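Below, each chain spelled out in residue letters.
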Amino acid sequence: MRISLCAVAALLIAAGPVRANPAENDAAMFKLATRSGCMACHSILPVPARADGLPPIAPAWRDIAIKYRDDALASDRLTRTVMTGSNPHSSHWVGKISAVTMPPNAIAITEGDARMLVNWILVLVP
Ligand code: HEC
């Protein structure tokens, strides 16, 4: 029996996207964040003070989730910040981190992937 490519494609479309369970989704998002270079500066959970006494380079993603938990526009705004970088003249984390600004990440991640990561970050509330 010969199965046409069209029939296979139709079957795949009908099957829909494969749904990951929460743990699989967490693992996939962490992999994406690592591959995109985010984890060079960020941690998921707050980290203890560094040996030199300086605060961490960048805010922990759980702290970001807590800060913006009631902000309905955070997803769009933070996706833009991830792509184009943060404004060094109006840090949202002044005094809590040791870096001045987040550089643009557009060379490392697509906007669609950045939005996916931001939406995942925003639900990392305890
Ligand atoms: C070179 C270090 C660095 C890298 C790499 C980096 N960040 Fe950041 N990120 C920062 C710093 C510093 C801030 C704090 C900016 C501020 O003070 O407003 C920040 C802030 C953020 C914020 C909160 C912005 C706000 O306005 O409060 C989000 C969300 C974020 N980063 C996500 C990401 C994601 C996703 C990636 C990977 C694609 C990434 N970051 C890569 C340093 C980094």
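Residues numbered from 1 in each chain as written. Predicted model: local features only at pLDDT ≥ 70, side-chain atom pairs only at ≥ 80, totals over all residues. Heavy atoms only, no water.

J.: Which parts of the structure should I look at to understand the nonpolar core?
T.: It is characteristic of soluble globular proteins that their nonpolar side chains tend to be buried jointly. Counting residues in each nonpolar core, the largest one holds 22 residues, and the members touching the most others are Trp61, Ile64, Tyr68, Leu78, Leu117, Trp120 and Leu122. Mapped onto this core, the elements with two or more residues apiece are α2 (22-35), α3 (61-67), α4 (74-84) and α5 (111-121). (Core = buried A, V, L, I, M, F, W, Y, C linked by side-chain atoms within 4.5 Å. Buried < 20%, exposed > 50% of the residue type's maximum accessible area, 1.4 Å probe, protein only. Helix = DSSP H or I, 4+ residues; strand = E, 2+ residues; numbered from the N terminus.)

J.: Can you walk me through the site of the ligand in this structure?
T.: The environment of the ligand is made up of 23 residues, and the closest members are Cys38, Cys41, His42, Ser91 and Met102. Here His42 contributes a side-chain N or O atom positioned 2.8 Å from a nitrogen atom of the ligand. The separation between an oxygen atom of the ligand and a polar side-chain atom of Trp93 is 2.8 Å. Contributing elements (two or more residues each) for the shell around the ligand: α3 and α4. Its residues assigned to classes, the shell around the ligand shows 16 nonpolar, seven polar and no charged. (Near = heavy atom within 4 Å. Polar contact = N/O pair within 3.5 Å; in protein donor to acceptor, adjacent residues only side chain to side chain. Nonpolar A, V, L, I, M, F, W, Y, C, P; charged D, E, K, R; others polar.)

J.: Could you clarify how one ought to interpret the side chain of Ser75 in this entry?
T.: Residue placement: Ser75 occurs in helix α4. Excluding anything up to four places from it in sequence, Ser75 contacts Arg115, Val118, Asn119 and Leu122. (Contact = heavy atoms within 4.5 Å.)

J.: When you look at the packing of α2 against α5 in this model, what are you seeing that I'm missing?
T.: Angle between the axes and distance between the axes are the two parameters that describe a pair of packed helices. Relative to each other, α2 and α5 sit at 125°, their axes nearing to 10 Å. Relative to α5, the element α2 lies oblique. By crossing handedness, the relation of α2 to α5 is classed as left-handed. Of the residues in α5, those in contact with Asn25, Asp26, Met29, Phe30, Leu32 and Ala33 of α2 are Asp113, Met116, Leu117 and Trp120. (Axes fitted to C-alpha atoms, helices over the stretch in contact; angles between N-to-C directions. Parallel < 35°, antiparallel > 145°, perpendicular 65-115°, else oblique. Left-handed = near helix turned anticlockwise from the far one by under 90°.)

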